[in-house]
Amino acid sequence: MSGQAGSVPDPPSPSGSVGATTGAGAGFPAPGVDTPPAPDVEGMVGEVTAEVENGRRLGTYPAPLIAALEVPFHPDEGLEPPEASAVVESARPLRSTRPVVGGVTVFCKRAVRRMLSWYVAPIARDQTRFNLAILRELRALEERVARLEGSSAASAPEEKPESPRPPGR
Amino acid sequence: MTAIHQLLPVLSPGDAIGQAVRRMRSAFREAGLPSEIFADQAHQRLQGEARPAAELSARVGPGDVVLYHLSIGAPVARLFAGLDCRRAIVYHNITPSTYYRATSPRVAGWLDEGRRDLARLSPAVEIGVADSAYNAAELRAAGCPATMVIPPPVDLARLDPRPARAAGPPRLIFVSRLAPNKRQEDLIRVLAALRAGGQPAATLVLPGGWDDTEAYAAGLRRLARELGVAGSVELPGRRSDREIGDLYAGASVAVCASEHEGFGMHLLEAWAFDLPVVARAAAAVPETVGDAAILLRTRDPLVWAGVVDRVIRDGELRRALVERGRRRLLDFSDAAFTQRIRDLLERLGLRRSAGG
């Protein structure tokens, strides 16, 4: 199998490029001279792009599809999902903008934190492990329900995307 | 004898950095140099592999070399900065924090810290080793006096590679942690367009952990529901190597819409399973794939869907891409990695010690 480490033959001229390595491909050996003929990928991509542009211009694509594909993606919108607070931190970044005193304060806090870390950190880790385990189970159930809903929807004539929400909501 | 040690914040068994660190140690030892791994934390399974980072200062002399693996902000960067020895950075890239501010502010803080470490440490080291020329350019921009590109070692055997044979409807795959810079939401849109067009039964599987990007993962699920494809998108979470191998083996096309990628190990994994790759031409991806993938500059899901549909239907195009993927993999062979490590040692003036 070509992908197995240790079973692949040596490349023609392996070498790391030292110093000013610029541009794509720098540092990696070029493919050998017996590389198979290149498929006309650019031509194919150009053809598909033109087809899509024409389709958009002529209104070939169903309007609900175009609208659905433009649904904005806002992973942070709405209520904070439980995952956002599942990981319990025992050490948070310590910062202060106050000159001189700020540095001393941060140093002291850091020292106290370090002294107590043997006690606090394992508790935080245990709680995080528990939170993530619960969430994994919850999401597995959620996906199972989605799959079941998807398979029952597949027996329906057509799966229609929900109406897109207006931008900014 | 001169030693060459490695330092990193966390040694994990599953990630690319953990694999690279252990493979580099083997290469250094094979070259006859004493070499140890020092880490702030080591995964339970790797407890015997790493020594506590705090021991490092006492273990190195002025002639020894310490390589610091930089990928995120960590307290050990200060330890590295204060070492009385020769120093080098191995830079795995740091994702811009802007991707994480909305969904994972905690991660954004670590990434900002990492960028500060990059700026502080780069001018102070002898050489910076980068996974890609893209990463090397960032090192130089940060003031690193010399750089060298060493693509990470590739251990694909752990996945048990075999030619993918998708049974049933087309199945798209992208294996990576769920993260905003990976743009998994774009792939969900591509699937929706593909299903609405020529491949109504197509599915998408996105294996990858979301321990620090829970809000983003929840957003992906919401988007899939909104696009009416929730039943066709799988987010199985972090999976074992064997399970990942099975997922690759059951896929039809590997897709990658990543906007920021320091190397892209998943691209090599896809080639090992004879999968054609369609990827976004962004960051280090074009450099990694060479001509062995279809690179798209647009994010338009309709164009992506059209191209993926062609790859699924056009056997000749598919075969050509698979063949090119196989050939491209040769550039990342273990022997090539070993040679690059020898070059690094020569660059550091350690070949004489290595030869005894």
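The shown structure was predicted, so the numbers you read here are calculated from the model rather than taken from an experiment.

Digging into the overall build of chain B
Item 1. Of regular secondary structure, chain B possesses 14 helices and 13 strands.
Item 2. Over its C-alpha trace chain B gives a radius of gyration of 21 Å, about what one expects of a compact globule, namely 21 Å for 356 residues.
Item 3. Taken along the three principal axes of its C-alpha coordinates, chain B extends 65 × 40 × 35 Å.
Item 4. Within chain B, the fraction of its 356 residues that count as buried is 61%.

Looking at the overall build of chain A
Item 1. A count of helical and extended segments in chain A gives 3 helices and 0 strands.
Item 2. Across the 169 residues that make up chain A, the buried fraction comes to 15%.
Item 3. For chain A, the share of sequence-separated contacts (at least 6 apart) that also reach a separation of at least 24 residues comes to 53%.

Quick notes on the nonpolar core
Note on soluble globular proteins: their nonpolar side chains tend to be buried together.
Item 1. Ranked by size, the top nonpolar core spans 148 residues in total, and within it I188, L191, V255, V277, V278 and V308 of chain B carry the most contacts.
Item 2. Discounting residues that sit within four places of it in the chain, I188 of chain B has contacts with L204, L220, L223, A224, L227, V229 and V233 of chain B.

Section: the sheet that holds strand β7 (residues 147-149) of chain B
Residues and elements named next belong to chain B.
Item 1. Taken together, 7 strands build an open sheet; the order of strands is β3-β2-β1-β4-β5-β6-β7 and the sheet is parallel. Each edge of the open sheet is held by one strand with a lone partner, namely β3 (50-52) and β7. In this sheet, neighbouring strand axes are inclined to one another by 30 degrees on average, regardless of whether the strands run parallel or antiparallel.
Item 2. Here strand β4 (residues 65-70) runs beside strand β5 (residues 86-91); their pairing, made up of 6 bridges, is parallel. From the neighbouring strand, H69 faces β5, where its bridge partner is V90.

Observations regarding the domain arrangement of chain B
How big an interface is tends to be expressed through the accessible area that disappears when the partners come together.
Residue and element names in this part refer to chain B.
Item 1. Annotation of chain B at the domain level lists domain 1 (4-153 + 333-354) and domain 2 (157-330).
Item 2. Using C-alpha coordinates to define each centre, domain 1 is positioned 29 Å away from domain 2.
Item 3. Each partner contributes residues to the interface: domain 1 has 18 residues there, and domain 2 has 15 residues.
Item 4. The dominant element in the side of domain 1 that touches domain 2, judged by the number of residues it contributes, is helix α5 (residues 133-141), at 3 residues.
Item 5. Across the side of domain 1 that touches domain 2, the residue classes break down as 9 nonpolar, 8 polar and 1 charged.

Calculation notes
Residues numbered from 1 in each chain as written. Chains lettered and ligands numbered in written order. Predicted model: local features only at pLDDT ≥ 70, side-chain atom pairs only at ≥ 80, totals over all residues. Helix = DSSP H or I, 4+ residues; strand = E, 2+ residues; numbered from the N terminus. Rg over C-alpha atoms; globule rule 2.2 N^0.38 Å. Buried ≥ 20, exposed ≤ 12 C-beta atoms within 10 Å, placed from the backbone. Contact = placed C-beta atoms within 7 Å. Core = buried A, V, L, I, M, F, W, Y, C linked by C-beta atoms within 7 Å. Pairing = 2+ DSSP bridges. Axes fitted to C-alpha atoms, helices over the stretch in contact; angles between N-to-C directions. Domains from an automatic or database assignment. Nonpolar A, V, L, I, M, F, W, Y, C, P; charged D, E, K, R; others polar.

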